[in-house]
Amino acid sequence: MAKHIEFSATGGPEVLKYCEFTPAAPAKDEVQVENRAIGINYIDTYIRSGLYPPAHLPSGLGTEAAGIVSKVGSAVTSIKVGDRVVYAQSTLGAYSEVHSVAESKVAVLPDAISFEQAAASFLKGLTVYYLLRRTYKIRPGEPFLFHAAAGGVGLIACQWAKALGAKLIGTVGSDEKAQRAKDAGAWQVINYNREDIVERVYEITHGEKVGVVYDSVGKSTWLNSLDCLKRHGLMVSFGNASGPVTGVDLGILNQKGSLFVTRPSIAGYISTREELKEASKALFDLIARGKINVDVPESQKFPLSEATRAHQTLESRATQGSSLLIP
């Protein structure tokens, strides 16, 4: 028997239950991983709440963890029992002591990277990789706007942008978060509770505005984001922390400068084993070289049994950077 988190109805953090289950053997193309550290991501709250409802209930939760391979399916060729691995696009159920994952979603961990570093950074780091290197290729010296710069994805984006020599303008909700983003490598920071985002971007860029905006906030920042773009600029909407963007009149893109909009996801950019290898190598190299620090504060490590408290803390906006569940 093993322990995991499951929920039988969508709703608030209290629907998450810690219970026993019997892990099934991995399918022929899967590996079974004994998780050592489990990544908590904002999308997990969307699935739990019903914004992105799971295919069936009861359901497990979570798609990201790092650990040791305990079993491999008959068709698995690139991974063996005992390998240290990380995964970030599994079927739901990573909030567990044991989880079976498709071989194509698993990356072998270099010795230089700990389980906690891997679980804290893999999904968020791969997200930053596809945003800054694939959806739009950020160039050295280029200013761009990145919302929620002190969040888990944002802090990795600040560090990656600095490594690229690019000028990330980050939005944050407090002076403390502003300092955290600056320490991570943000070029400029805007506290949206005290400053007007559009006015500040205009000032910072001397009226030029930016060629690309990365927005994981959604509903509450949509129009501000469009107003920060120069002519023919690209709006990259990749999350809905404030609610989804709906009812969009496409004419607004014309009015604001013949703009482009995309709604990407990691699955659209990292879907093959080759794409995963290329992306994970880029991320692991930066972590190993000290260009990206993903160490998690002790206050943001929760026992697996306390997933409810972890979600309450995440949704209260009290966290900075990544949080983990420890089995």
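Please refer to the structure higher up on the page.
Structural notes, computed from the coordinates. Everything numeric here is computed off the predicted structure, so don't read it as measured data.

### Some words on the pairing of strand β3 (residues 30–40)
Taken across its 11 residues, β3 has 9 buried, putting it largely inside the fold. Strand direction decides the pairing type here: β3 and strand β7 (residues 98–102), joined by 5 bridges, are antiparallel. Note that in β7 the partner of Glu30 across the bridge is Ala102. Here 7 bridges tie β3 to strand β5 (residues 65–72), and the two strands are oriented antiparallel to one another. Opposite Asn35, over in β5, you have Gly67 as the bridge partner. Across 3 bridges, the pairing between β3 and strand β16 (residues 323–326) is antiparallel. Note on β16: the bridge partner recorded for Ile38 is Leu325.

### Here's the deal with the layout of surface pockets
There is about 1200 Å³ of room inside the largest pocket. Tyr42, Ile43, Tyr46, Val153 and Ser216 are the residues nearest the centre of the largest pocket, which is lined by 50 residues in total. Among the elements of the structure, α1 (42–49), α2 (115–135), α3 (152–164), β10 (167–172) and α8 (266–269) are those that each provide at least two residues to the lining of the largest pocket. Per-element accounting of the lining of the largest pocket gives the leading share, 5 residues, to α1. Here the residues of the lining of the largest pocket are counted per class, giving 22 nonpolar, 22 polar and 6 charged. If you count residues domain by domain, the lining of the largest pocket takes at least three from each of domain 1 (2–122 + 270–325) and domain 2 (136–263). What the second largest pocket holds in volume is close to 260 Å³. As for the second largest pocket, its lining consists of 16 residues, and the residues nearest its centre are Phe21, Leu92, Val98, His99 and Ser100. Of all the elements in the fold, those that place two or more residues in the lining of the second largest pocket are β3 and β7. Among the elements that line the lining of the second largest pocket, the one with the most residues is β7, at 3 residues. Grouping the constituent residues of the lining of the second largest pocket by class yields 6 nonpolar, 9 polar and 1 charged.

### Details of the nonpolar core
Counting residues in hydrophobic clusters, the biggest one holds 57 residues, and the most contacted among them are Phe122, Phe144, Phe146, Trp160, Leu168 and Tyr214. Looking at this core, the elements with two or more residues in it are α2, β9 (143–146), α3, β10, α4 (175–184), β12 (210–215), β13 (229–237) and α9 (273–288). Ranked by residues supplied to this core, first place goes to α2 with 12 residues. The two domains that each donate at least three residues to this core are domain 1 (2–122 + 270–325) and domain 2 (136–263). Beyond its immediate chain neighbours, meaning those up to four positions away, Leu168 contacts Phe144, Phe146, Ala149, Ala157, Cys158, Ala161, Ala186, Trp187 and Gln188. Formed by 26 residues, the second largest nonpolar core is a distinct cluster that contains Val69, Tyr95, Phe302 and Leu304.

### Remarks on the environment of Thr313
Structurally, Thr313 can be placed in helix α10 (residues 307–315). The class of Thr313 is partly exposed, set by a relative accessible area of 21%. Separated by 13 residues in the primary sequence, Thr313 and Gln300 place their C-alpha atoms 8.6 Å from one another. Sequence-distant contacts of Thr313, that is, excluding residues within four places in its chain, are made with Phe302, Ala318 and Thr319.

### Topic: unusual backbone geometry
Residue Leu57 is joined to Pro58 through a cis peptide bond whose omega torsion reads -5°. In this fold, Pro58 is placed in the loop between α1 and β4 (59–60). Residues other than glycine seldom take positive phi values, yet Ala148 does so here, at roughly 55°. Topologically, Ala148 is positioned in the loop between β9 and α3. Taking relative accessible area as the criterion, Ala148 reaches 33% and is therefore assigned partly exposed.

### Looking at the sheet that holds β12
One open sheet accounts for 6 strands, arranged β11-β10-β9-β12-β13-β14; its pairing is parallel. At either margin of the open sheet sits one strand with a lone partner, and together these are β11 (188–191) and β14 (260–262). Pairs of neighbouring strands in the sheet enclose a mean axial angle of 20°, with direction left out of account. Here β10 pairs with β11 via 4 bridges, running parallel. Across the sheet, the residue bridging to Gly170 is Val189, located in β11. Relative to the sheet, α3 contacts β9 and β10, its axis offset from that of β9 by approximately 170°.

What counts, and where the lines are drawn
- Residues numbered from 1 in each chain as written.
- Predicted model: local features only at pLDDT ≥ 70, side-chain atom pairs only at ≥ 80, totals over all residues.
- Heavy atoms only, no water.
- Buried < 20%, exposed > 50% of the residue type's maximum accessible area, 1.4 Å probe, protein only.
- Helix = DSSP H or I, 4+ residues; strand = E, 2+ residues; numbered from the N terminus.
- Pairing = 2+ DSSP bridges.
- 1 Å grid on protein atoms, 1.4 Å probe; cavity = no way out; pocket = protein on both sides within 12 Å on 5 of 7 lines; lining within 4 Å.
- Points joined across faces, edges and corners; volume = space filled by probe spheres on them.
- Nonpolar A, V, L, I, M, F, W, Y, C, P; charged D, E, K, R; others polar.
- Domains from an automatic or database assignment.
- Core = buried A, V, L, I, M, F, W, Y, C linked by side-chain atoms within 4.5 Å.
- Contact = heavy atoms within 4.5 Å.
- Axes fitted to C-alpha atoms, helices over the stretch in contact; angles between N-to-C directions.

Honestly, it's all geometry; don't read function into it.
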